[in-house]
Amino acid sequence: MPRKIKVLWVGCILIVFFGFVYFSIQGNIKDHRGKEEVRVKQEFRIKNKKMAMKEIDSGQTFKVDPIKEIKELNALGKYEDAVRYAEGVATLNPNQSKIYTWWGVSLVKFGEREEAIDKFVKSASLDANYSKTYLYWGLTLAMDGKPKAAIKKYEKVIELEPENSNAYAYWGAALAQLGDHSGAIEKLEHALEIMPNNTNVFNTLIDALVNQKKYNEAWEVVKKARKARVAISSKLLSELAEVFPEPIL
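In this report, we go over the structure that sits alongside the text.

The rules we used
Residues numbered from 1 in each chain as written. Predicted model: local features only at pLDDT ≥ 70, side-chain atom pairs only at ≥ 80, totals over all residues. Heavy atoms only, no water. Phe/Tyr/Trp six-rings, centres within 6.5 Å; stacked < 30°, edge-to-face > 60°. Helix = DSSP H or I, 4+ residues; strand = E, 2+ residues; numbered from the N terminus. Buried < 20%, exposed > 50% of the residue type's maximum accessible area, 1.4 Å probe, protein only. Lys NZ or Arg CZ within 6 Å of the ring centre and 35° of its normal. Axes fitted to C-alpha atoms, helices over the stretch in contact; angles between N-to-C directions. Parallel < 35°, antiparallel > 145°, perpendicular 65-115°, else oblique. Left-handed = near helix turned anticlockwise from the far one by under 90°. Contact = heavy atoms within 4.5 Å. Expected span 1.5 Å × (residues − 1). Arc of directions from axis to C-beta. Nonpolar A, V, L, I, M, F, W, Y, C, P; charged D, E, K, R; others polar. Salt bridge = Lys/Arg side-chain N within 4 Å of Asp/Glu carboxyl O.

## Focus: the packing of aromatic side chains
Next up, step 1: Per the stated rule, a full pass over the model turns up 6 aromatic pairs.
Next up, step 2: Here the aromatic rings of Tyr154 and Tyr170 are separated by 6.1 Å at their centres, their planes lie at 40°, and the arrangement is tilted. Here the residue Tyr154 occupies a position in helix α7 (residues 147-160), and Tyr170 occupies one in helix α8 (residues 165-177), the gap between them amounting to 16 residues.
Next up, step 3: For Tyr154, a relative accessible area of 1% gives the class buried.
Next up, step 4: Between Lys122 and the ring centre of Tyr100, over which it is positioned, the NZ or CZ distance is 5.8 Å.
Next up, step 5: We note Lys153 situated over the ring of Trp137; from NZ or CZ to the ring centre the distance is 3.7 Å.

## Side note on the packing of α8 against helix α9 (residues 181-194)
Next up, step 1: Put simply, α8 and α9 touch, their axes get as near as 8 Å, and they point 165° apart. It follows from the interaxial angle that α8 and α9 lie roughly antiparallel. The handedness of the crossing between α8 and α9 comes out as left-handed. In this structure, α8 uses Ser165, Tyr168, Ala169, Trp171, Gly172, Ala173, Leu175 and Ala176 to contact α9, whose residues at the interface are His181, Gly183, Ala184, Lys187, Leu188, His190, Ala191 and Ile194.

## Digging into unusual backbone geometry
Next up, step 1: Positive phi values are uncommon outside glycine, yet Lys213 reaches one of about 60°.
Next up, step 2: Turning to its location among the elements, Lys213 is positioned in the loop between α10 (202-211) and α11 (215-227).
Next up, step 3: Positive phi, close to 60°, is recorded for Arg229, a residue that is not glycine.
Next up, step 4: Examined against the element boundaries, Arg229 turns out to sit in the loop between α11 and α12 (234-243).
Next up, step 5: Arg229 gets classed as exposed once you look at its relative accessible area, which sits at 80%.

## A few points about helix α3 (residues 79-92)
Next up, step 1: Spanning 14 residues, α3 covers 20 Å between terminal C-alpha atoms, matching the ideal 20 Å at 1.5 Å per step.
Next up, step 2: Here α3 has its buried residues at Ala82, Val83, Ala86, Val89 and Ala90. All buried residues of α3 project into a common sector of 130° when viewed along the axis, lining one side.

## Considering α9
Next up, step 1: With 14 residues, α9 extends 20 Å between its outermost C-alpha atoms, agreeing within 8% with the 20 Å of an ideal straight helix rising 1.5 Å per residue.
Next up, step 2: On the buried face of α9, the contacting elements are α8 and α10.

## Details of the packing of α11 against α12
Next up, step 1: The N-to-C vectors of α11 and α12 enclose an angle of 140°; their axes lie 11 Å apart at closest approach. Between α11 and α12 lies a crossing of left-handed hand. On α12, the residues touching Tyr215, Ala218, Trp219 and Val222 of α11 are Leu237, Leu240, Ala241 and Val243.
Next up, step 2: Counted by class, the contact of α11 with α12 contains 8 nonpolar, no polar and no charged residues.

## Structural notes on the pattern of salt bridges
Next up, step 1: According to the stated counting rule, one finds 5 salt bridges in the structure shown.
Next up, step 2: Measuring nitrogen to oxygen at the nearest pair gives 2.6 Å for the salt bridge that ties Arg113 to Asp144. Residue Arg113 is found in helix α5 (residues 113-126), and its partner Asp144 is found in the loop between α6 (131-143) and α7; the two are separated by 31 residues along the sequence.
Next up, step 3: Residue Arg113 is classed as partly exposed on the basis of its relative accessible area of 29%.
Next up, step 4: Its salt-bridge partner being Lys223, residue Glu220 comes within 3.4 Å of it at the nearest N-O pair. Of this pair, Glu220 and Lys223 both sit in helix α11, 3 residues apart, which is roughly one turn of that helix.

See below:
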């Protein structure tokens, strides 16, 4: 092979080789740059989320009220999202009792009542004066068929908030669970004295009055419910009408 052709051939090979190396490096740089951009964006999002849920122990506030967010998620039926959000907030704010209470509420709605009890216990250990902890704790116990234990929690609510209508309403419901309809009526009527339009009272009170054969009183409560525009169970109304037709004025 002539020397000039040989030199030209070697030159072409070198050009191809270095061109391949160059473009490979460029490709790796581009790929690395793309991954780095994704990483930076992800870290930025995480940082923003942490800032939105920053520590509030020293009187600082969240940019977004976490309890309001949890309530809204539950109202939308997004119970699992509410649980995960509450867990994230509690991770960043381990000393905030109210977060554990609403985490527990979300767990109840999500069907995890045993785990919810753990959150109520934790909340009460951090702040023994947050009445909603005991209110929802009591409701959860009642749902688990433990009305006596539930009543203890409602008593604690009344100790903290003597005029808490819902505490009396749920206390009355727990007494009705135990078959103490007379005691239930007393608590439920007191709940209405505090809050005349308390929707948590009417159905339970009517049922307790029917069990005590106080039919006229039961119809009076029905009237109050109608006035307050509270829906009464059609089954309960049918049972009442069957044993004692509604009085005609």
